[in-house]
Amino acid sequence: MMTQPLFNRMALIGVGLIGSSIARAARAQGVVRSIVATARSGPTRARVAELGIADRVVDTNAAAVDGADLVILCIPVGQCGAVAAEIAPRLAPGAIISDVGSVKAAVVKDVAPHLPGHVHFVPAHPVAGTENSGPDAGFPELFIDRWCILTPPEGTDPAATDKLATFWSAIGANVETMTPEHHDLVLAITSHLPHLIAYTIVGTADELGQVTRSEVLKFSAGGFRDFTRIAASDPTMWRDIFLANRDAVLEMLGTFGEDLSKLTRAIRRGDGDTLFDLFTRTRAIRRGIVQIGQDSDAPDFGRPHQKKMPPLPRPYMADGE
Ligand SMILES: NC(=O)C1=CN([C@@H]2O[C@H](COP(=O)(O)OP(=O)(O)OC[C@H]3O[C@@H](n4cnc5c(N)ncnc54)[C@H](O)[C@@H]3O)[C@@H](O)[C@H]2O)C=CC1
Ligand SMILES: O=C(O)C(=O)Cc1ccc(O)cc1
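What counts, and where the lines are drawn
- Residues numbered from 1 in each chain as written.
- Chains lettered and ligands numbered in written order.
- Predicted model: local features only at pLDDT ≥ 70, side-chain atom pairs only at ≥ 80, totals over all residues.
- UniProt positions renumbered as here; feature names shortened; annotations may be inferred.
- Pairing = 2+ DSSP bridges.
- Helix = DSSP H or I, 4+ residues; strand = E, 2+ residues; numbered from the N terminus.
- Axes fitted to C-alpha atoms, helices over the stretch in contact; angles between N-to-C directions.
- Right-handed = clockwise from strand over helix to strand, strands pointing away.

Under an unreviewed UniProt entry, the chain has the name prephenate dehydrogenase and belongs to Rhodoplanes elegans. You can read under Sequence similarities (unreviewed entry) in the UniProt record for the chain the words "Belongs to the prephenate/arogenate dehydrogenase family." As recorded by UniProt, the Pathway (unreviewed entry) comment attached to the chain reads in full: "Amino-acid biosynthesis; L-tyrosine biosynthesis; (4-hydroxyphenyl)pyruvate from prephenate (NAD(+) route): step 1/1."

Right, dumping it as C-alpha coordinates:
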(Lines give C-alpha, C1' and ligand atoms only; values in the text may rest on other atoms or scores of the structure.)
(Ligands and ions follow the chains in the order given, each with its own letter.)
Protein backbone atom coordinates (compact mmCIF):
# COMPACT_ATOMS: atom_id res chain seq x y z
CA MET A 1 0.00 0.00 0.00
CA MET A 2 1.46 3.31 -1.04
CA THR A 3 1.36 6.54 0.85
CA GLN A 4 0.54 9.19 -1.73
CA PRO A 5 0.87 12.87 -0.96
CA LEU A 6 -2.34 14.81 -1.49
CA PHE A 7 -0.54 17.65 -3.28
CA ASN A 8 2.59 17.60 -5.37
CA ARG A 9 3.92 21.06 -4.58
CA MET A 10 2.66 23.41 -1.88
CA ALA A 11 3.67 27.06 -2.12
CA LEU A 12 3.57 29.06 1.10
CA ILE A 13 3.57 32.81 0.75
CA GLY A 14 4.52 34.11 4.16
CA VAL A 15 6.20 31.80 6.65
CA GLY A 16 5.35 33.19 10.05
CA LEU A 17 3.51 31.44 12.88
CA ILE A 18 0.83 29.98 10.61
CA GLY A 19 2.84 29.35 7.44
CA SER A 20 5.65 27.64 9.32
CA SER A 21 3.17 25.54 11.33
CA ILE A 22 1.52 24.41 8.10
CA ALA A 23 4.93 23.55 6.63
CA ARG A 24 5.95 21.56 9.68
CA ALA A 25 2.61 19.73 9.98
CA ALA A 26 2.28 19.00 6.25
CA ARG A 27 5.76 17.55 6.13
CA ALA A 28 5.24 15.51 9.29
CA GLN A 29 2.07 14.03 7.83
CA GLY A 30 3.39 13.50 4.29
CA VAL A 31 0.47 15.39 2.75
CA VAL A 32 2.63 17.28 0.24
CA ARG A 33 5.50 16.03 -1.89
CA SER A 34 7.46 19.29 -1.70
CA ILE A 35 7.21 22.73 -0.13
CA VAL A 36 8.30 26.00 -1.72
CA ALA A 37 8.28 29.02 0.54
CA THR A 38 8.80 32.73 0.37
CA ALA A 39 8.46 35.72 2.65
CA ARG A 40 8.67 39.42 2.12
CA SER A 41 11.81 40.07 4.13
CA GLY A 42 15.25 38.69 3.34
CA PRO A 43 16.07 37.81 6.97
CA THR A 44 12.84 35.79 7.28
CA ARG A 45 13.62 33.88 4.08
CA ALA A 46 17.13 33.20 5.38
CA ARG A 47 15.72 31.94 8.68
CA VAL A 48 13.23 29.66 6.92
CA ALA A 49 16.08 28.18 4.88
CA GLU A 50 18.12 27.72 8.04
CA LEU A 51 15.23 26.00 9.83
CA GLY A 52 14.88 23.63 6.87
CA ILE A 53 11.07 23.65 7.03
CA ALA A 54 10.70 24.07 3.24
CA ASP A 55 12.38 22.21 0.40
CA ARG A 56 13.07 25.45 -1.42
CA VAL A 57 13.01 29.11 -0.41
CA VAL A 58 12.61 31.60 -3.24
CA ASP A 59 12.87 35.39 -3.38
CA THR A 60 9.55 36.42 -4.92
CA ASN A 61 5.91 35.54 -4.50
CA ALA A 62 5.54 34.98 -8.25
CA ALA A 63 8.44 32.51 -8.35
CA ALA A 64 7.01 30.60 -5.38
CA VAL A 65 3.79 29.62 -7.15
CA ASP A 66 5.41 28.23 -10.31
CA GLY A 67 4.15 24.67 -10.78
CA ALA A 68 2.38 24.60 -7.39
CA ASP A 69 -0.93 22.72 -7.14
CA LEU A 70 -1.61 24.24 -3.71
CA VAL A 71 -0.84 27.88 -2.87
CA ILE A 72 -1.56 29.22 0.61
CA LEU A 73 -1.28 32.91 1.46
CA CYS A 74 -0.10 33.07 5.08
CA ILE A 75 0.22 36.84 5.28
CA PRO A 76 -1.67 39.69 6.98
CA VAL A 77 -5.16 40.07 5.47
CA GLY A 78 -4.40 43.58 4.19
CA GLN A 79 -1.71 42.15 1.90
CA CYS A 80 -3.81 39.46 0.20
CA GLY A 81 -5.19 41.54 -2.71
CA ALA A 82 -1.79 42.88 -3.80
CA VAL A 83 -0.16 39.46 -3.50
CA ALA A 84 -2.97 37.82 -5.51
CA ALA A 85 -2.28 40.32 -8.30
CA GLU A 86 1.44 39.49 -8.16
CA ILE A 87 1.03 35.73 -8.39
CA ALA A 88 -1.98 35.53 -10.73
CA PRO A 89 -0.05 35.33 -14.04
CA ARG A 90 2.11 32.45 -12.77
CA LEU A 91 -0.61 30.21 -11.27
CA ALA A 92 -0.80 26.69 -12.70
CA PRO A 93 -4.08 25.52 -14.23
CA GLY A 94 -6.14 23.54 -11.71
CA ALA A 95 -4.21 24.86 -8.69
CA ILE A 96 -6.03 25.44 -5.41
CA ILE A 97 -5.41 28.91 -4.01
CA SER A 98 -6.16 29.41 -0.34
CA ASP A 99 -5.29 31.66 2.58
CA VAL A 100 -5.40 31.55 6.36
CA GLY A 101 -6.67 35.06 7.10
CA SER A 102 -8.71 35.79 10.22
CA VAL A 103 -11.26 37.75 8.15
CA LYS A 104 -12.93 36.22 5.12
CA ALA A 105 -15.33 38.54 3.23
CA ALA A 106 -12.68 41.23 2.66
CA VAL A 107 -10.12 38.64 1.54
CA VAL A 108 -12.60 37.15 -0.95
CA LYS A 109 -13.40 40.65 -2.25
CA ASP A 110 -9.71 41.58 -2.57
CA VAL A 111 -8.36 38.30 -3.98
CA ALA A 112 -11.04 36.77 -6.23
CA PRO A 113 -11.00 39.50 -8.94
CA HIS A 114 -7.29 38.89 -9.62
CA LEU A 115 -7.43 35.12 -10.03
CA PRO A 116 -7.61 33.47 -13.46
CA GLY A 117 -10.59 31.23 -14.23
CA HIS A 118 -8.40 28.13 -14.42
CA VAL A 119 -7.67 27.98 -10.64
CA HIS A 120 -9.85 27.16 -7.62
CA PHE A 121 -10.10 29.69 -4.81
CA VAL A 122 -10.96 28.16 -1.43
CA PRO A 123 -10.39 30.61 1.45
CA ALA A 124 -9.67 29.12 4.87
CA HIS A 125 -9.20 30.19 8.47
CA PRO A 126 -7.54 27.87 10.96
CA VAL A 127 -8.96 29.04 14.27
CA ALA A 128 -5.74 28.29 16.08
CA GLY A 129 -2.81 30.44 16.98
CA THR A 130 -0.81 32.23 19.61
CA GLU A 131 0.38 35.76 20.29
CA ASN A 132 3.76 34.93 18.72
CA SER A 133 4.92 35.64 15.18
CA GLY A 134 7.60 34.56 12.75
CA PRO A 135 8.95 31.25 11.48
CA ASP A 136 10.40 30.22 14.85
CA ALA A 137 6.99 30.53 16.53
CA GLY A 138 5.34 27.73 14.54
CA PHE A 139 4.90 24.12 15.63
CA PRO A 140 3.41 21.08 13.88
CA GLU A 141 0.71 20.35 16.46
CA LEU A 142 -0.88 23.81 16.25
CA PHE A 143 -3.95 22.69 14.31
CA ILE A 144 -4.71 19.46 16.15
CA ASP A 145 -8.31 19.42 17.36
CA ARG A 146 -8.79 23.04 16.32
CA TRP A 147 -11.35 24.24 13.84
CA CYS A 148 -10.47 25.20 10.30
CA ILE A 149 -13.28 27.13 8.62
CA LEU A 150 -13.52 27.05 4.82
CA THR A 151 -15.50 29.80 3.07
CA PRO A 152 -15.66 28.87 -0.63
CA PRO A 153 -17.30 31.59 -2.73
CA GLU A 154 -20.46 30.58 -4.60
CA GLY A 155 -19.69 28.45 -7.63
CA THR A 156 -16.47 26.96 -6.22
CA ASP A 157 -15.83 23.41 -7.46
CA PRO A 158 -16.89 21.18 -4.52
CA ALA A 159 -14.04 18.79 -5.35
CA ALA A 160 -11.52 21.58 -4.66
CA THR A 161 -13.21 22.40 -1.34
CA ASP A 162 -13.20 18.70 -0.40
CA LYS A 163 -9.53 18.36 -1.28
CA LEU A 164 -8.57 21.32 0.88
CA ALA A 165 -10.76 19.96 3.69
CA THR A 166 -8.85 16.67 3.45
CA PHE A 167 -5.58 18.59 3.68
CA TRP A 168 -6.64 20.35 6.88
CA SER A 169 -8.02 17.14 8.39
CA ALA A 170 -4.73 15.41 7.63
CA ILE A 171 -2.84 17.99 9.70
CA GLY A 172 -5.24 17.55 12.59
CA ALA A 173 -8.00 20.15 12.16
CA ASN A 174 -11.76 19.74 12.32
CA VAL A 175 -13.18 21.33 9.20
CA GLU A 176 -16.39 23.30 8.81
CA THR A 177 -17.72 25.25 5.83
CA MET A 178 -19.72 28.50 5.99
CA THR A 179 -20.19 31.77 4.11
CA PRO A 180 -17.52 34.46 4.51
CA GLU A 181 -20.09 36.85 6.01
CA HIS A 182 -21.23 34.38 8.64
CA HIS A 183 -17.61 33.61 9.49
CA ASP A 184 -16.86 37.29 10.00
CA LEU A 185 -19.81 37.82 12.35
CA VAL A 186 -18.99 34.79 14.47
CA LEU A 187 -15.28 35.62 14.68
CA ALA A 188 -16.02 39.26 15.46
CA ILE A 189 -17.49 38.23 18.81
CA THR A 190 -15.38 35.15 19.58
CA SER A 191 -11.97 36.45 18.57
CA HIS A 192 -11.78 40.03 17.31
CA LEU A 193 -13.68 41.72 20.15
CA PRO A 194 -11.74 39.83 22.85
CA HIS A 195 -8.51 41.04 21.27
CA LEU A 196 -9.82 44.60 21.14
CA ILE A 197 -10.76 44.41 24.81
CA ALA A 198 -7.31 43.08 25.69
CA TYR A 199 -5.57 45.84 23.74
CA THR A 200 -7.80 48.42 25.44
CA ILE A 201 -7.43 47.21 29.00
CA VAL A 202 -3.65 46.89 28.81
CA GLY A 203 -3.43 50.31 27.15
CA THR A 204 -5.72 51.84 29.77
CA ALA A 205 -3.72 50.36 32.64
CA ASP A 206 -0.56 51.71 31.07
CA GLU A 207 -2.01 55.17 30.50
CA LEU A 208 -3.41 55.47 33.99
CA GLY A 209 0.08 55.03 35.26
CA GLN A 210 -1.32 53.37 38.35
CA VAL A 211 0.76 50.29 37.86
CA THR A 212 4.48 50.24 37.55
CA ARG A 213 6.14 47.57 35.48
CA SER A 214 7.12 45.55 38.54
CA GLU A 215 3.64 45.76 40.04
CA VAL A 216 2.09 44.48 36.83
CA LEU A 217 4.35 41.46 37.02
CA LYS A 218 3.81 41.03 40.73
CA PHE A 219 0.03 41.12 40.64
CA SER A 220 -0.64 39.69 37.21
CA ALA A 221 -1.56 36.19 38.32
CA GLY A 222 -5.19 36.97 37.64
CA GLY A 223 -7.16 38.14 34.64
CA PHE A 224 -4.81 40.95 33.70
CA ARG A 225 -2.01 38.53 32.90
CA ASP A 226 -4.20 36.73 30.36
CA PHE A 227 -5.04 40.07 28.77
CA THR A 228 -1.36 40.96 28.44
CA ARG A 229 -0.74 37.74 26.51
CA ILE A 230 -3.47 38.55 24.01
CA ALA A 231 -2.38 42.21 23.84
CA ALA A 232 1.11 41.05 22.82
CA SER A 233 -0.32 39.80 19.49
CA ASP A 234 1.11 41.12 16.24
CA PRO A 235 0.19 44.80 15.62
CA THR A 236 0.19 44.57 11.80
CA MET A 237 -1.97 41.47 11.74
CA TRP A 238 -4.51 42.90 14.17
CA ARG A 239 -4.64 46.35 12.59
CA ASP A 240 -5.52 44.61 9.33
CA ILE A 241 -8.17 42.43 10.99
CA PHE A 242 -10.03 45.41 12.49
CA LEU A 243 -9.88 47.39 9.25
CA ALA A 244 -11.04 44.39 7.20
CA ASN A 245 -13.86 43.31 9.52
CA ARG A 246 -15.04 46.81 10.37
CA ASP A 247 -18.79 46.32 10.00
CA ALA A 248 -19.08 43.10 12.01
CA VAL A 249 -16.78 44.40 14.76
CA LEU A 250 -18.73 47.66 15.01
CA GLU A 251 -21.98 45.73 15.25
CA MET A 252 -20.62 43.55 18.06
CA LEU A 253 -19.10 46.58 19.80
CA GLY A 254 -22.53 48.22 19.81
CA THR A 255 -24.09 45.26 21.62
CA PHE A 256 -21.09 44.93 23.91
CA GLY A 257 -21.29 48.63 24.82
CA GLU A 258 -24.95 48.27 25.78
CA ASP A 259 -24.19 45.26 27.97
CA LEU A 260 -21.28 47.06 29.60
CA SER A 261 -23.57 49.99 30.38
CA LYS A 262 -26.04 47.63 32.07
CA LEU A 263 -23.27 46.25 34.25
CA THR A 264 -21.99 49.74 35.02
CA ARG A 265 -25.48 50.69 36.17
CA ALA A 266 -25.77 47.55 38.29
CA ILE A 267 -22.50 48.30 40.05
CA ARG A 268 -23.45 51.94 40.59
CA ARG A 269 -26.81 50.92 42.09
CA GLY A 270 -25.41 48.11 44.17
CA ASP A 271 -27.57 45.66 42.21
CA GLY A 272 -25.83 42.43 43.23
CA ASP A 273 -28.50 40.18 41.71
CA THR A 274 -27.78 41.41 38.19
CA LEU A 275 -24.07 40.82 38.66
CA PHE A 276 -24.57 37.41 40.27
CA ASP A 277 -27.01 36.22 37.58
CA LEU A 278 -24.67 37.18 34.76
CA PHE A 279 -21.61 35.63 36.40
CA THR A 280 -23.55 32.41 37.04
CA ARG A 281 -24.62 32.24 33.40
CA THR A 282 -21.10 32.91 32.08
CA ARG A 283 -19.56 30.31 34.38
CA ALA A 284 -21.96 27.70 32.95
CA ILE A 285 -20.99 28.76 29.44
CA ARG A 286 -17.29 28.32 30.15
CA ARG A 287 -17.89 24.90 31.70
CA GLY A 288 -19.94 23.91 28.66
CA ILE A 289 -17.15 24.91 26.30
CA VAL A 290 -14.57 22.92 28.21
CA GLN A 291 -16.85 19.86 28.29
CA ILE A 292 -17.34 20.03 24.55
CA GLY A 293 -13.56 19.94 24.37
CA GLN A 294 -13.25 22.31 21.43
CA ASP A 295 -11.27 24.84 23.36
CA SER A 296 -8.72 24.50 26.06
CA ASP A 297 -7.22 27.20 28.23
CA ALA A 298 -6.11 30.01 25.95
CA PRO A 299 -2.98 30.83 27.98
CA ASP A 300 -1.60 27.42 27.08
CA PHE A 301 -1.54 28.30 23.39
CA GLY A 302 1.04 30.91 24.17
CA ARG A 303 3.39 28.48 25.81
CA PRO A 304 3.35 25.45 23.52
CA HIS A 305 6.56 24.10 25.01
CA GLN A 306 4.82 23.81 28.36
CA LYS A 307 1.77 22.15 26.95
CA LYS A 308 1.48 18.42 26.72
CA MET A 309 0.67 17.96 23.06
CA PRO A 310 -1.70 15.27 21.90
CA PRO A 311 -0.09 12.83 19.46
CA LEU A 312 -0.14 13.80 15.81
CA PRO A 313 -2.71 12.01 13.71
CA ARG A 314 -1.23 9.19 11.67
CA PRO A 315 0.23 10.11 8.30
CA TYR A 316 -2.22 10.87 5.54
CA MET A 317 -2.95 7.82 3.36
CA ALA A 318 -4.24 8.42 -0.13
CA ASP A 319 -6.46 6.05 -2.17
CA GLY A 320 -5.59 2.41 -1.75
CA GLU A 321 -4.95 2.68 1.95
N1 LIG B 1 -1.33 34.50 14.60
C2 LIG B 1 -2.42 33.78 14.79
O3 LIG B 1 -2.67 33.34 15.90
C4 LIG B 1 -3.32 33.49 13.62
C5 LIG B 1 -3.18 34.18 12.43
N6 LIG B 1 -4.04 33.92 11.40
C7 LIG B 1 -3.90 34.67 10.13
O8 LIG B 1 -2.75 34.15 9.49
C9 LIG B 1 -2.12 35.17 8.74
C10 LIG B 1 -0.64 35.16 9.08
O11 LIG B 1 -0.47 35.37 10.45
P12 LIG B 1 0.87 34.93 11.22
O13 LIG B 1 1.44 33.70 10.64
O14 LIG B 1 0.54 34.98 12.66
O15 LIG B 1 1.82 36.17 10.87
P16 LIG B 1 3.39 36.32 10.99
O17 LIG B 1 3.64 37.77 11.23
O18 LIG B 1 3.98 35.33 11.93
O19 LIG B 1 3.88 35.96 9.52
C20 LIG B 1 3.52 36.71 8.41
C21 LIG B 1 4.41 36.35 7.25
O22 LIG B 1 3.95 37.06 6.09
C23 LIG B 1 5.04 37.58 5.39
N24 LIG B 1 4.55 38.68 4.55
C25 LIG B 1 3.93 39.81 4.92
N26 LIG B 1 3.57 40.53 3.83
C27 LIG B 1 3.99 39.81 2.76
C28 LIG B 1 3.93 40.02 1.35
N29 LIG B 1 3.37 41.10 0.83
N30 LIG B 1 4.48 39.07 0.55
C31 LIG B 1 5.06 37.97 1.06
N32 LIG B 1 5.14 37.72 2.37
C33 LIG B 1 4.61 38.63 3.21
C34 LIG B 1 6.04 37.96 6.48
O35 LIG B 1 7.34 38.06 5.95
C36 LIG B 1 5.87 36.75 7.41
O37 LIG B 1 6.67 35.69 6.95
C38 LIG B 1 -2.85 36.47 9.05
O39 LIG B 1 -3.70 36.78 7.97
C40 LIG B 1 -3.67 36.15 10.29
O41 LIG B 1 -4.89 36.86 10.29
C42 LIG B 1 -4.98 32.93 11.46
C43 LIG B 1 -5.12 32.19 12.60
C44 LIG B 1 -4.32 32.44 13.80
O1 LIG C 1 -3.64 33.52 20.91
C2 LIG C 1 -4.89 33.42 20.94
O3 LIG C 1 -5.49 33.26 22.01
C4 LIG C 1 -5.67 33.50 19.71
O5 LIG C 1 -6.83 33.81 19.75
C6 LIG C 1 -4.96 33.15 18.46
C7 LIG C 1 -5.71 33.44 17.22
C8 LIG C 1 -5.55 34.66 16.60
C9 LIG C 1 -6.22 34.93 15.42
C10 LIG C 1 -7.05 33.99 14.87
O11 LIG C 1 -7.69 34.26 13.74
C12 LIG C 1 -7.24 32.76 15.48
C13 LIG C 1 -6.55 32.48 16.65
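Asker: Provide a residue-level description of the sheet that holds strand β7 (residues 124-126), including the pertinent values.
Answerer: With respect to topology, three strands assemble into an open sheet ordered β7-β8-β9, the strand pairing being mixed. In this open sheet, the two strands that pair with only one neighbour each are β7 and β9 (174-177). On average, each strand axis in the sheet is tilted by 20° relative to the strand beside it, whichever way the strands run. With four bridges joining them, strand β8 (residues 147-150) and β9 adopt parallel strand pairing.

Asker: With reference to specific residues and values, describe the pairing of β8.
Answerer: Sheet topology places β7 next to β8; three bridges connect them, and they run antiparallel. Note on β8: the bridge partner recorded for Ala124 is Leu150. Tracing the backbone out of β8, into helix α6 (residues 158-170) and back to the parallel element β9 gives a crossover that is right-handed.

Asker: Kindly report on the environment of Glu181, identifying the contributing residues and their values.
Answerer: With respect to the helices and strands, the residue Glu181 is situated in helix α7 (residues 180-208). Considered as a pair, Glu181 and Pro123 are 58 residues apart in the sequence and their alpha carbons are 12 Å apart.

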